[in-house]
Each structure stands twice: as structure tokens, then as C-alpha cells.
Amino acid sequence: MLTMRERQINAIKQMLNLNSQQPKALAAEPVWKILIYDRVGQDIISPIISIKELRELGVTLHVQLHSDRDSIPDVPAIYFCLPTDENLDRIQQDFSNGLYDIYHLNFLAPITRSKIENLAGAALHACCVANIHRVYDQYVNFISLEDDFFILKHQQSDQLSYYAINRANTRDDEMEALMDSIVDSLFALFVTLGNVPIIRCPRNSAAEMVARKLEKKLRENLWDARANLFHMDATQAGGGVFSFQRPVLLLLDRNMDLATPLHHTWSYQALVHDVLDLGLNLVYVEDEAAASTGARKKPKACDLDRNDRFWTTHKGSPFPTVAEAIQEELESYRNSEEEIKRLKTSMGIEGESDIAFSLVNDTTARLTNAVNSLPQLMEKKRLIDMHTKIATAILNYIKARRLDSFFEIEEKIMSKQTLDHPLLELLRDAEFGQPEDKMRLYIIYYICAQQLSDVDLERLKEALQSAGCDLTPLAYVQRWKGIMNRTPSMNQATQYEGGGTKTVSMFTKLVSQGSSFVMEGVKNLVVKRHNLPVTKITEQVMECRSNTETDDYLYLDPKLLKGGDVLPKNRAPFQDAVVFMVGGGNYIEYQNLVDFIKQKQSSNVHRRIIYGASTLTNSRQFLKELSALGAEIQAPASTS
């Protein structure tokens, strides 16, 4: 069964094949073409199709729509962009300049009738109507980062951020446009998946606005006989991504949990995102070699894609496990290298001359095998070097900012354990982390604490101020907690169970193998398995368990002609879910859901969860958004 990401790749490959089915035999020479995309189109393609794959599909040139481009005759030009006024003006300009002989226009969102009439008028005026071969609506307006993880925006993601949704002076029309943008992308996702979901979401939230609009859009499409995009639903052969049963779309609002996006983390992928700004599966790490020679430091791009076996295996592992695994990979590579050297020496050859090879049959066969495996060996070495570089950069941050201690303390706070040292003492310790780290720790403590006296709060705030922290986020967090605690099911102090941690014996493997990772002073923490608030709600909704919190959630079924929002009496548990976070998601929640669903698999039941978010924010970005919201409260919206 194809995953979400594979379906999106197939849709884009079909588009690059001039919207005709791909030939089975790839030996056929592809039609050479050029690809012109806007920033949104670029963000969608770059994490899923490499430049090498674009070449194989016949794309000889890929350029930005708004760049200066020369005329290239006789070659099909594929446009892949949103039908915004700015983009359409530029396409009309290309028509009048006669840049290309063959145009294939692919829009990321459906183009309105008035816009397509304007486009047709411009083509008529430029006498190039015959040159426009195809105009397509492509329903692929979302970014697949993993097989089961998607976001809606990368560049200009602040348009869909937590701040944009929650700021005080958003006008109604701005909010409508923002919600429509989210709905259009979710609609495109379900067209790509080939399924119509059942929608669940909390009432009176941004998620409800999205749910109502999405249900309306899905229902209108389903009952439109001519334009129905779901005629290949899961009930027919070759249907959607999910099984015969329909998936549930669980729409959640970021407001349900502000602690997790600020939480210090301990798993590899989430750490790369938190401290190294992972974006679209690409991370930039400063080159240590350049630094040691005194040359100007130049960040090196590291591509973390699904073809990297080490990454797919270890992205969810705790950091110490990753360091040990890199060391083991290095040992295995060295052994393979030694084997080749030993075989050469035993044959008395250093070169690879044909005469020498034919001398010893048995060793020759073994050596040939070893030499044939050289390309894989070189690739393995490249990946080991890349992960060593990334892990070393993370390790330096862990040591400099004491990230292991922050993670351990926050886990204790979330699981209601007693701290070894009072929080006040930790915040006053000048050697303990950066101001940003202390601020994150304090907000998590404030959110999870049952009762805090005003005197204690003042003392903690003074400590934060003297540590150089910016206190503006606190005004917003305080207001938010007050609102949340009015709803008993959303009481923040009882939301978190935290797994807690235990420290296992220090890094014996790394020390004994003479590793390049100097782990001195870093704790080897093992995290106990636990469910975050998002995962707990997902479990209750998938299992259809009766629960005070989720029983009140809306239940919307776009397939029903007359939609109600009340839960039906007899419901079978859902095997598949799409969990979408309005207001920004993170790798911590994604990994928690991945771990949860792994536990739920059995030999006869295969369950799947896809996690998605309007944007992907790390804790620094999220703290900035909270600061902006806090600043609005301190300086009321009337000043705007």
C-alpha cells in the first residue's frame, strides 16, 4: 500500500511526464523539458525529488518563476505554482515575450474561472493560444517531510503560525483567508490519499473553524457528479492509502499544549531540529576542518533523506544510542576496508593489474567481491562522516548549554517528581544553560505546577530577569493558563504524565572503542515510554473510548447529506488516523505518535497515523511567537 509521500511523488512525476502515465520501461528516452516553479512549488518538490531524479525525468533546467529567464524554444515548459495574481501576471508576461513554444500550466490550488479567463485573454492577445497544451489543477499543496509527516508551509510559514492565529488584532477577513489556506491544503491531502475522512475536533477553537470549512468543501465535492475527485474511494480497487475502513481526521489546536513545543528533547531528529534548525530535511553544519585551518567557516549542507538507512533507523533514538551506533558503523566500515587491504597484500599486489588478478583464483573471487562493494562502501563512509559531523555539533551544544540536565529536569516536572535542586537555585546558577533555556524550563514549570504562591512566582521572575531572560512571553502564558484552567478537561497541571528518565551506566562502549565523541560530563539518559497530550487524545479518538474530554468533540461526516455533529452510538475503532495540529507542530509529538503506533501493531491489525501541522516550529521560534503575543498584551492592541 502506497504511503502519503509516495502518492505525492507519483502525482508530481506524472505532472513532470506532461500529465500522462509514466511508461513502465524507464529505458525509453524521456522528453526533455524545463520546470518553472514559485517558492511554494520549490518547497513541495525539494524534500521528495532530488536533482538527480529530476534529470532522470527529463528536467534539464529548473528555475524560479520570478527570476530573469531567457527564451528557450522547442522545449516544453512545465509551470508549477500557486494561481496568485503575482504569479499569473508573470506567466502572462512570459506569453507576451514568447519565451517558450509549449506551455504546460499546473496550479497548486484550483484556479478560479475569472482568473483563467484573464489568462486566456492574455494568451489570445499574445497570439500563443495554440502553444498552451495543458492547464491542470494539481492537488499536491502540502509538503511531505516523511512517509507519515507533512506540513503546509515552509517559506513564509509565519502566515500560518501560532502567532498569526492567536494575535489580538487579526481582522476577520485575514482569519478567513488563513483558515481557507489550511482547508485547501488539507483537501489536497485527502485527494492525494484518495479517502474521505470522518472529522473530529474540539469545539470553540481554531480547529473547529477548519473542520466546518473542510467538511463543507468535501461534501460539495462529493455531491458534484462532474467534479468529484473521490470516485476512486477506498471501496474500489486501487483505492486510497488506507484500508477499506475510512480514516479519522483529528484536528487539534496548538492551545491544548504549549509545554511540548518548548520541551528540551533527547531524540536525534528532534535535537537536530531544535539546535541545528533542520528544514525540509536539510541541515547546515559548520565545517570543523575549515575552522581548524583558520579559513572562514562555511556551513555544509547535510541532506537527511529516507535513502539514508542510518537516519531512518536512528532518527527517533536517544542521542547516546545514536553516538554508539555511529561508532559501530565506523568499526564495521574499518573492518571492510582492512579486509580489502589484507586480500591485496596476500596476493602480493598493490595495484589492480589484470595479470596480477588472474594469478590466484580463490582470492581473486573474494577480492572481486570486495572491489564490487566499493561504491556501497564509499557511500557508507560518506554517511558516517556526515552523521559524525552532525552528532559532534549537537554534542557541543549539549555540553555548552547542559541540554541533558534541562531535559531530565523537565521530564521530572512533567511526571510530578521531586527535583534534586530547587528551581530557584537552578535559575540563579550562571553556569547553567542560556537565558532561552531557562525561560523554556520556567514556562514548563509554570504550566505544570498545581499551586504557586505569588511570592514564589515573583522570586522566580527576579531570578529569570537577573539571568538575562526576556519576560515578555509570561504575560501571554499567564492569560492562556487562566483560560485553559476554566475547562476542567484542559487543566494544564493534570495534562502531563511525563515518562521520567533514568541514567544508565556511562558510555562504556564509546570509551572502550576510543570514540571521537568525547561524552565526558553528558548523562546517558534512558527515557521511559509515555504518551504526550496529543497522543493520549489520538488514542481515545481511535479506540472510540468514552471520555469526558473527547466525547464533546465534534463528529463530522462529509458523506452524509445532512450533516450533524453528534457522535453516533455504535462506532467501530479506527485503524487509521490523520492528526493535524492547527498552529504549528514539532518532531517531539511526531516521534511520540510513531512510538505509540508501533506498540499498537499486531499480526492481524495494521494501524497507521499520519501527523501534520500548519507549520513546523522549533522551541526558539515558538518562544519568539509567545514573546510577540506577550508584547501585544503589555502594549494593548489599540496602539496598532
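Residues numbered from 1 in each chain as written. Predicted model: local features only at pLDDT ≥ 70, side-chain atom pairs only at ≥ 80, totals over all residues. Heavy atoms only, no water.

The protein chain appears in an unreviewed UniProt entry as Protein sly1 homolog from Drosophila lebanonensis. Under the Function (unreviewed entry) heading, UniProt states for the protein chain: "Non-vital for development." Taken directly from UniProt, the Sequence similarities (unreviewed entry) text for the protein chain runs: "Belongs to the STXBP/unc-18/SEC1 family." (UniProt positions renumbered as here; feature names shortened; annotations may be inferred.)

Student: Just checking my understanding: could you explain the pairing of strand E9 (residues 248–253) for this structure?
Tutor: Successive residues of a regular strand alternate their side chains across the two faces of the sheet. Counting buried residues along E9, six of its six residues qualify, which places the element largely inside the surrounding structure. Side chains Val248, Leu250 and Leu252 project from E9 onto one buried face, and the interleaved Leu249, Leu251 and Asp253 project onto a second face that is buried too. Where strand E8 (residues 198–201) and E9 come together, three bridges link them in parallel fashion. Note that in E9 the partner of arginine 200 across the bridge is leucine 250. Pairing of E9 with strand E15 (residues 576–582), which is carried by six bridges, proceeds in the parallel orientation. The residue of E15 that forms the bridge with leucine 251 is phenylalanine 580. (Buried < 20%, exposed > 50% of the residue type's maximum accessible area, 1.4 Å probe, protein only. Helix = DSSP H or I, 4+ residues; strand = E, 2+ residues; numbered from the N terminus. Pairing = 2+ DSSP bridges.)

Student: Help me understand the sheet that holds E8 in this model?
Tutor: Pairing between the strands of a sheet comes from backbone hydrogen bonds, and it takes one of two forms, parallel or antiparallel. Across the sheet, seven strands lie side by side as E6-E7-E16-E15-E9-E8-E14; this open sheet has mixed pairing. Two strands bound the open sheet, and with one partner strand each, they are strand E6 (143–146) and strand E14 (554–556). Direction aside, the axes of adjacent strands within the sheet are offset by 20° on average. (Axes fitted to C-alpha atoms, helices over the stretch in contact; angles between N-to-C directions.)

Student: So what exactly am I meant to see when it comes to empty space enclosed by the protein here?
Tutor: Rolled over the atoms, a probe sized like a water molecule indicates the empty space that remains. Within the structure shown, the criterion is met by four cavities of 30 Å³ or more. Quantified by volume, the largest cavity comes out at close to 90 Å³. For the largest cavity, the lining is made up of 14 residues, of which Ala270, His273, Asp274, Ile588 and Asn618 are closest to its centre. Mapped onto the lining of the largest cavity, the elements with two or more residues apiece are helix H9 (268–276) and helix H25 (587–600). Element by element, the count of residues in the lining of the largest cavity is highest for H9, at three residues. A per-class count over the lining of the largest cavity returns four nonpolar, eight polar and two charged. Here the lining of the largest cavity spans two domains, and each of domain 2 (144–256 + 532–633) and domain 3 (268–346 + 364–403 + 504–527) adds at least three residues to it. (1 Å grid on protein atoms, 1.4 Å probe; cavity = no way out; pocket = protein on both sides within 12 Å on 5 of 7 lines; lining within 4 Å. Points joined across faces, edges and corners; volume = space filled by probe spheres on them. Nonpolar A, V, L, I, M, F, W, Y, C, P; charged D, E, K, R; others polar. Domains from an automatic or database assignment.)

Student: Just to check I follow, could you spell out the sheet that holds strand E1 (residues 33–37) for this structure?
Tutor: Read from one edge of the open sheet, five strands run E2-E1-E3-E4-E5, paired in parallel fashion. The two strands at the open ends of the sheet, each matched to only one other strand, are strand E2 (59–64) and strand E5 (132–137). Within this sheet the neighbouring strands show an average axis-to-axis angle of 20°, counted without direction. Taken together, the four bridges between E1 and strand E3 (residues 72–81) define a ladder with parallel strand orientation. The residue bridging tyrosine 37 from the neighbouring strand is phenylalanine 80, located in E3. The sheet contacts of helix H1 (residues 4–16) involve E1, E2, E3 and strand E4 (100–107), and relative to E3 the element is tilted by about 155°. (Contact = heavy atoms within 4.5 Å.)

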